[in-house]
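Residue-level structural notes
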Amino acid sequence: MPEQISCPRCNHQIDSSAENCTNCGLSLAIAAVLAENEMVKQFTEPAEISLSPEILVPRLGDYMVERGTLAKEQLSAALKIQKADSAAGKYRLLGQILITEGFTTQSDLDTAITEQIVQLQDALKKSNTQLEERVQERTVDLQKALNKITELNRLKTNFVSNVSHELRTPLAHMVGYLELLRDGSLGKTNEEQNHALGVLVKSYNRLHGLIDELIEFSLVSEGDMSLVQEPVSVTTILQATESHAQKLANEKQIQLLIKHPAEEIFVLADKSKISWVIGELIINGIKFNNPGGKVLFEINQSNGVINFKISDNGIGFKADQLEEIFEPFHQLDGSSTRRYGGTGIGLALSKQIIEAHGSTLKARSVVDKGSSFEFSLISG
């Protein structure tokens, strides 16, 4: 049968193996912490106060009364003396008063203190053991959740990859017939029909670009990004995207300023992928801007490092959204009425491509003031 002990708070008899008092609900582990705090408190008392194990034990007098080694009247008298001493600026531990007044012996006092400390230690050990077990259980649960998320991400990536590849086939048929219609091979078309065909071609190009993004992202997510790094001219990189970006800027009435380097500069990079990143960042600056806004692309060279910077004076975003903008399939405006389209993977893919080049894509922004993105490449 478990040993019966007194609750440090209410003196109710409880099993020594219990976690909490069945009467007042006090946790024995908490009682141990309170005792420790009491000990720390005593260190702030005047230096003449001697330290004793008694300061680790809460409600020592009540415990001794419960154990039959002290009378209630003696405890009440000792507490009155302690209170009077304290009011006079003289602090004495209860045990000291009990011995001085002859209410107990040093042996009985030491026994009571030891029993209480042992009980509190046992309760604290048990609480720590239970806490460790809960931590282990929680760790297992978290690992299971992580495994599930990893599997869901894999399934999502496979789905995106499969769907994207399947969409390419009907798109190829579409563009073929669109070209036949535009060049008159399927009959003459009037001005209004030509305009409609132009809209269709534009929509096709946009859809084709989105699918290419999805396919590239799925490859990167599967760790299948292959880089062909070689010395490539910055001018050549810009030529791959400048024309399309300028056309888009004109349509949105955005001023696009691309500062070409004064002399030929070469960087060590994958030409097609870096061209895509620069184009994506410039187009983002145009897309998230207002008519009359400005997008600036500039290059700086220092100590064998080429720094690329794309800045705009568009809508910007909040500082706490900095990590959020690089999350795949995510738009800061996720509502059904959002103004800006896209898959939400452009910046995520750009970041991965830049990191694959051994660099970092840095972003800064102020709401309604604009944003800037920059990264560096090694001179080739």
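Fair warning: this is a prediction, and the values are worked out from it, not measured in the lab. (Residues numbered from 1 in each chain as written. Predicted model: local features only at pLDDT ≥ 70, side-chain atom pairs only at ≥ 80, totals over all residues. Heavy atoms only, no water.)

A short note on the overall build of the protein
The criterion, for reference: Starting at the N terminus, helices and strands are each numbered in turn, a helix being any DSSP run of H or I of at least four residues and a strand any DSSP run of E of at least two. Accessible area is worked out with a 1.4 Å probe on protein chains only. A residue is then buried under 20% of its type maximum, exposed over 50%, and partly exposed in between. In this analysis, two residues are considered to be in contact whenever any of their non-hydrogen atoms come within 4.5 Å of each other. Computed with a 1.4 Å probe, the accessible areas rest on the Shrake-Rupley method; for each residue, only the protein chains presented here act as cover.
The secondary structure content of the protein amounts to 10 helices and 9 strands. The 380 residues of the protein split such that 35% are buried. Of the contacts formed within the protein by residues at least 6 apart in sequence, a portion of 65% connects residues at least 24 apart. For the protein, the exposed area adds up to about 22,200 Å²; of that, 53% sits on carbon and sulfur atoms.

A few points about a nonpolar patch on the surface
Our working definition: Within the patch definition used here, like charges are joined within 9 Å and nonpolar side chains (Val, Leu, Ile, Met, Phe, Trp, Tyr) within 5 Å, considering only residues with over 30% relative accessible area and no salt bridge. A pair is scored as a salt bridge if a Lys or Arg side-chain nitrogen falls within 4 Å of a carboxyl oxygen belonging to Asp or Glu.
Among the surface-exposed residues, Tyr177, Leu180 and Leu186 lie close enough to one another that they form a single nonpolar patch of about 310 Å² accessible area. Note that leucine 186 resides in the loop between α5 (106-182) and α6 (191-221).

With respect to the sheet that holds strand β4 (residues 255-258)
We apply this condition: For two strands to be treated as a pair, DSSP must find no fewer than two bridges joining them. Whenever a helix is involved, its axis is fitted only over the stretch in contact; in every case the axis is a line through C-alpha atoms, and angles between N-to-C directions fall within 0 to 180 degrees.
Pairing in this open sheet of 5 strands is mixed, and the strands run β4-β6-β7-β9-β8 from one edge to the other. Each edge of the open sheet carries a strand with a single partner, namely β4 and β8 (362-366). Neighbour to neighbour, the strand axes of the sheet diverge by 15 degrees on average, direction disregarded. When β4 meets strand β6 (residues 294-302), the two strands line up parallel, connected through 4 bridges. What sits directly across from isoleucine 258, in β6, is phenylalanine 297.

Focus on the nonpolar core
We count it as follows: Among buried residues, the Ala, Val, Leu, Ile, Met, Phe, Trp, Tyr and Cys ones that are joined through side-chain atoms within 4.5 Å form a nonpolar core.
Counting residues in hydrophobic clusters, the biggest one holds 36 residues, and the most contacted among them are Val267, Ile278, Ile282, Phe297, Phe308, Phe373 and Phe375. Looking at this core element by element, the count peaks at 6 residues for helix α9 (residues 271-287). In contact with phenylalanine 375, other than residues within four places in its own chain, are Val277, Ile278, Leu281, Ile306, Asn307, Phe308, Ile354, Ser359, Thr360 and Leu361. Core analysis: the second largest hydrophobic core is formed by 16 residues, Tyr63, Leu70, Ala112 and Ile113 among them.

Here we look at α9
In plain terms, the rule: In this analysis, the expected span of each helix is defined as 1.5 Å times one less than the number of residues it contains.
With 17 residues, α9 ought to run about 24 Å at 1.5 Å a step, and its terminal C-alpha atoms sit 24 Å apart, in line with that. Counting buried positions along α9 yields 12 of 17 residues, so the element is predominantly enclosed. Within the span of α9, buried status applies to Lys273, Ile274, Ser275, Val277, Ile278, Gly279, Glu280, Leu281, Ile282, Asn284, Gly285 and Ile286.

So, the pairing of strand β5 (residues 266-269)
Burial of the side chains of β5 is restricted to one face: Val267 and Ala269 are buried, whereas none of Phe266 and Leu268 on the reverse face is. Bridging between strand β3 (residues 230-233) and β5 involves 4 bridges; their strand directions are antiparallel. Along β5, the bridge assignment pairs proline 231 with leucine 268.

What to know about the environment of isoleucine 378
Assignment of secondary structure puts isoleucine 378 in strand β9 (residues 370-378). Judged by its relative accessible area of 56%, isoleucine 378 is exposed.

Without other data, these values stay purely geometric and don't point to any function.
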